[in-house]
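# Architecture and fold: a report
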Amino acid sequence: MTSTPSATRPFRPADLGTVAVLAWSGEAPDGSDMPYLLAYSLGDAAGGAEAGSAAVEALLENNGLPVGGDLVDGTARPRLPVTLLVESGTAVLNLAPLSAQCPAPEEWLAAVDERGYAYLVFTTRPWPQGEPGKPVEAAALKDFAGAEETLTAAAHIVLPARSLRG
């Protein structure tokens, strides 16, 4: 029996499982609000959390977004393969072949309107408790999003916000 090494397997979107996005704002070092986005898998892919984590990592790296690496400044990279559309109170994240959206709180919308960008943390660490459509307690979000293992297993991107209004 032969097997194919994982590094040569083609990327399959189904391996991601459910990908969710959360928007929130918080105080930045400059004293004003920073709009944050957290993207993650629930770890519910057919191959389990490990397969989902590997698929997220492949998705990010295939698009030139280093996991655990330097901050990617999308404001200086007009051809960045990930985009953020903010429209009708919703944040829409696009990274081929993925499109995910989430409702954005008023504070987040105000912060992204003021800054013109959001700080995206797209982590390979699964978070089964962060189910789309269910409320997330602030403490649970802080514990997950602020955990070293979440942050070091993530791509960090300053992502320009675009809208349909020219």
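Note that the coordinates shown come from a computational prediction; the quantities given were computed from them, not determined experimentally. (Residues numbered from 1 in each chain as written. Predicted model: local features only at pLDDT ≥ 70, side-chain atom pairs only at ≥ 80, totals over all residues. Heavy atoms only, no water.)

### As for the overall build of the protein
Stated precisely, the cut-off is as follows: Per the convention used, a helix needs a DSSP run of H or I reaching at least four residues, while a strand needs a run of E reaching at least two, with both numbered from the N terminus. Only C-alpha atoms enter the radius of gyration; for comparison, a globular chain is expected to reach 2.2 Å times N to the power 0.38, where N is the number of residues. Burial classification: accessible surface area is computed with a 1.4 Å probe over protein chains only, and a residue below 20% of its type maximum counts as buried, one above 50% as exposed, and the rest as partly exposed. The contact criterion used throughout is that any non-hydrogen atoms of two residues lie within 4.5 Å. Charge counting treats Lys and Arg as positive and Asp and Glu as negative, with His and both chain ends excluded. We put the charge of a Lys on NZ, of an Arg on CZ, of an Asp on CG and of a Glu on CD.
When helices and strands are tallied, the protein shows 4 helices and 8 strands. In sequence order, the secondary structure elements of the protein are arranged as β-β-α-β-β-β-β-α-β-α-α-β. A compact globule built from 166 residues should have a C-alpha radius of gyration of about 15 Å, and the protein, at 16 Å, falls within 12% of that. For the C-alpha atoms alone, the extent of the protein along its principal axes is close to 60 × 35 × 30 Å. Counting only residues that meet the buried cut, the protein has 40% of its 166 residues in that class. In the protein, the proportion of contacts linking residues at least 24 apart, taken out of those at least 6 apart, comes to 69%. The distance from the centre of the 10 positive side-chain charges to the centre of the 20 negative ones in the protein is 7 Å.

### Structural notes on the packing of aromatic side chains
Geometrically, a pair of aromatic rings is defined through the distance of the ring centres and the angle of the planes. Using the following cut-off: Stacked, edge-to-face and tilted labels apply to pairs of Phe, Tyr and Trp rings (six-membered ring for Trp) whose centres lie within 6.5 Å, assigned for plane angles under 30 degrees, over 60, and everything in between, in that order.
Throughout the structure, instances matching the rule amount to 5 aromatic pairs. With 4.5 Å between their ring centres and 5 degrees between their planes, W127 and F144 make a pair best called stacked. You can see W127 sitting in the loop between β7 (117–123) and α3 (138–145) and its partner F144 sitting in helix α3, a full 17 residues away along the chain. The class for W127 is buried, based on a relative accessible area of 5%. On the basis of relative accessibility, which here comes to 5%, the residue F144 falls in the buried class. Through a chain of ring-to-ring contacts, three or more aromatic side chains come together here, namely W24, Y36 and Y119.

### Some thoughts on a negative patch on the surface
Rules: Patch membership needs two things, relative accessible area over 30% and no salt bridge, and members are linked within 9 Å if like-charged or within 5 Å if nonpolar (Val, Leu, Ile, Met, Phe, Trp, Tyr). Working definition of accessibility: Shrake-Rupley area with a 1.4 Å probe, residue cover restricted to the visible protein chains. Salt bridges, as used here, are contacts in which a Lys or Arg side-chain nitrogen is within 4 Å of a carboxyl oxygen on Asp or Glu.
A cluster of acidic residues, E27, D33, E106, E107, D113 and E114, forms a negative patch on the protein surface. Here the negative patch gets 4 residues from one element, more than from any other, and that element is helix α2 (residues 106–115). As for its placement among the helices and strands, E114 is situated in helix α2. Owing to a relative accessible area of 61%, E114 belongs among the exposed residues under this scheme.

### Some points on the environment of G68
As for its placement among the helices and strands, G68 is situated in the loop between α1 (48–62) and β3 (72–73). In this structure G68 comes out as partly exposed when scored by relative accessible area, which is 49%. Along the backbone, G68 and E149 are 81 residues apart, and their C-alpha atoms lie at a distance of 9.9 Å. Those residues within four positions of G68 in sequence are excluded, and the remaining contacts are T152 and A154.

### Regarding the side chain of S41
Rules: In the analysis that follows, any N or O atom pair within 3.5 Å is treated as a polar contact, provided that within protein one partner can donate a hydrogen and the other can accept it, and provided that, for residues neighboring in sequence, both atoms belong to side chains.
Counting through the fold element by element, S41 comes out in strand β2 (residues 33–41). A distance of 3.0 Å separates a polar atom in the side chain of S41 from the backbone nitrogen of G43.

### Points about the pairing of strand β5 (residues 90–95)
Rules: A pair of strands is considered paired only if DSSP assigns at least 2 bridges between the two.
Two elements, strand β4 (residues 82–87) and β5, share 6 bridges in a ladder whose sense is antiparallel. In the strand pairing of β5, L85 is matched with V92. Hairpin connection, β4 to β5: the antiparallel pair is bridged by 2 residues, and S88 has positive phi, about 55 degrees. Direction of pairing for β5 relative to strand β6 (residues 98–103): antiparallel, over a ladder of 6 bridges. Within β6, the position partnered with T90 by the bridge is P103. Connecting the antiparallel pair β5 and β6 is a turn made up of 2 residues.

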